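These are the residues of each chain, in order.
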Amino acid sequence: MQEWIEKARKGDAESCEWLFRRFERMAYAAAYEQLGDAQLAEDAVQEAFIEAFAGLDRLEQAAAFPGWLRTIVRRRAIRLVRRKRFPVLPAAEIGEEPADVSAGTEELAHRRELKRRLYESIAELPEHQRLAVRLFYFEGCRVREVSDFLGVSESALKKRLFDARSRLRSALHVSDFSAAFRDLHEGGKRMLHIVNGDHTANRLHEAGIEGEVQVWRELYPFGPVFPDMEEASARFERAEYLERELGIPRQTLLGGCAEQERKLRELANYEEVVLWFEHDLFDQTMLALLLERIGRMQTGTARVSLLCIGEFPGIEIFRGLGQLRAEQLKTLSGTWQPVGPEQFELAARLWAAYSSPDPQEHVRFLESDTSALPFAHAAFEAHLSRLPSAEDGLGRIERTVLEEAAAGAASPAELLRRSADKLVALGMGDLEFWRHLERMAAGPYPLLAVSGSGSFPKFGRPQPDFGNRTFAPSELGRRILAGEAAPAGAPAFPEWAGGLRLSGGSPPRWDASARRVLPGTDRPRPL
């Protein structure tokens, strides 16, 4: 925003237009909240922006613009309040609903009555909740935008919205205010929810959240990825790799990918598509691919929305939506935000960088503006932390496992649990984790010493005896923990990190202190 503010100070018309479009809806909501008159609210907004642009030289910090604008809007509204004669609801709120040949007279009458009660109930909310509801639900502003405009933290805003939904559920006698609001304010929807796992999908069904649910089954942090994942040769190479490394039958993966692609081609049949994702690398790479694909498609009138969280009240270590009970998931219903050009563009850049064989493309993405997707930067940094360290040759996964094993996590389950707590940013699953352990215990330079019998588990092949095995740092592992560097050629790190090949030759290394990748060999392209 700093750049736009500076240009607007100099009278740049394009920058002024950008600021107006960015904050117009929030300014209108704040003005209408005070005036209750659509025309006067529009007048207040116009006058407020004129005053704001004329006084930009008085604004000391660009980040303070949203709250500063809100103060000006309130002041202008107070000046106009004497001209207010009677409240007028915006046409979008009170206008007659379009005829619905599928809805009977009784249903339409019920909707109108529920709609009337909805607006009356919102009007009775405390002012701080009322404005938050109007900005978030009616104007479709994002949580961060609303929090900046109101001058409160995102957690405080979420608490206001949660409290408001609780009040409105009681006042309207509905189990899910968010669903009721969507049905009334938008006329009902044919919805599709895309989630990251079967467990989350089951929870959505239990929560009674309306719409179809599609599970996207892939694990892009593991194995080779390519700029065009629809290309047959790339998909086949990846299927072969996952079958060899994790035991996933190639036909299972290829068949699942074909089914998922078919569902994407049907998005134009829906009115809204909601993506449910989390903060970690596992989810952010999946989200980037999906948004990149959807952004290139013709989705008709389908609106694309996103629910993406990195925490939940009462959960100390948040790993994902699958942790939540059905009633907890229900509180998130309707809190998703519309996806716009900024999110589509950033997702395309993220996937292009992540799938690139050029280490410097990865660094350039990390240095770019990633604010449109708040969790993208941290997830991408976690991705690069998997590379061998420029300091000791270990990636973040290997160092974490060695440290936890040295601290006494000997059994597979305990080592997985304690390592996963430290590697939440990666979102790593158990099959992937077992393969890392297997690699660390193998070869001429093992980092782990393993005792007991039992093969490492693979997809569809659980190994009951594996739970009896114990792990500890090998002699080399202990020396590295004490400060030595791993010997050249040690194969402990994963073979792939996105589009970067780490096995063979001299792999790229991550210099965390300088936040740069030291280049190694390029990866071969699929035949």
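Preceding this paragraph is the structure being described.
In this numbering scheme, every chain counts its residues from 1 along its sequence in written order. Side-chain atom pairs in this predicted model are given and counted only at pLDDT of 80 or more, local residue features only at pLDDT of at least 70, and totals for whole chains, interfaces and linings cover all residues. The basis for every side-chain value is the complete set of heavy atoms in the structure, and neither hydrogens nor water enter the calculation.

1. A short note on the nonpolar core
- For our purposes a nonpolar core is just a set of buried Ala, Val, Leu, Ile, Met, Phe, Trp, Tyr and Cys residues, chained together by side-chain atoms within 4.5 Å. Accessibility here uses a 1.4 Å probe with only protein chains present; expressed as a share of the type maximum, an area under 20% marks a residue as buried, one over 50% as exposed, and anything in between as partly exposed. Judged by nonpolar contacts, the single largest core of 82 residues is most densely connected at L275 and L437.
- When residues of this core are assigned to their parent elements, the largest contribution, 9 residues, is made by helix α14 (residues 281-296).
- Any two residues whose heavy atoms approach within 4.5 Å are treated as being in contact. Ignoring sequence-local partners within four residues, the contact set of L437 consists of V401, L415, L448, F456 and F471.
- One finds F20, Y32, F65 and L69 within the second-largest nonpolar core, a separate group that totals 49 residues. Helix and strand assignments follow DSSP, with helices taken as H or I runs no shorter than four residues and strands as E runs no shorter than two, numbered in order from the N terminus.

2. Side note on the packing of helix α2 (residues 13-35) against helix α4 (residues 65-80)
- The geometry of α2 relative to α4 is characterised by a closest axis approach of 9 Å and an angle of 40° between their N-to-C directions. If you check the angle between α2 and α4, you find them oblique. For the crossing formed where α2 meets α4, the hand is right-handed. Mapping the contact onto sequence places L19, F23, A27, A30, A31, Q34 and L35 in α2 and F65, P66, L69, V73, R74, A77, I78 and L80 in α4. Between N-to-C directions, angles cover 0 to 180 degrees, with each direction set by a line fitted to C-alpha atoms, over the stretch in contact for helices. When an angle is under 35 degrees it counts as roughly parallel; over 145 it counts as roughly antiparallel; between 65 and 115 it counts as roughly perpendicular; any other value is oblique. Handedness of a crossing is defined here by the sense of rotation of the near helix relative to the far one, left-handed for an anticlockwise turn of less than a right angle and right-handed for a clockwise turn.

3. Some thoughts on the pattern of salt bridges
- Salt bridge, as used here, is a side-chain nitrogen of Lys or Arg placed within 4 Å of a carboxyl oxygen of Asp or Glu. Tallying each qualifying case throughout the model produces 42 salt bridges.
- A salt bridge links R76 to E47; its shortest N-O distance comes to 3.5 Å. Linking R76 in helix α4 with E47 in helix α3 (residues 38-54), this pair joins segments that are 29 residues apart in sequence.
- Overall, the relative accessible area of 18% leaves R76 in the buried class.
- Among the ionic contacts, a cluster of salt bridges with common partners joins R319, E404, E414, R417, R418, D421 and K422.

4. Side note on helix α17 (residues 359-367)
- Listing the buried residues of α17 in full gives P359, H362, V363, F365 and L366. Along the long axis of α17, the arc covered by the buried residues comes to 160°, so they all point the same way.
- Check the buried side of α17 and you find it contacts α16 (341-354), α18 (376-384), β8 (496-497), β9 (500-501), β10 (509-511) and β11 (516-518).
- Polar contacts, as counted here, are pairs of nitrogen or oxygen atoms within 3.5 Å of one another; within protein the pair requires one atom able to donate a hydrogen and one able to accept it, and residues that are adjacent in sequence qualify only if both atoms are side-chain atoms. The backbone nitrogen of Q360 has a side-chain oxygen 3.0 Å away, supplied by the residue at the start of α17, namely D358. What the arc covers is the set of directions going from the helix axis to the C-beta atoms.

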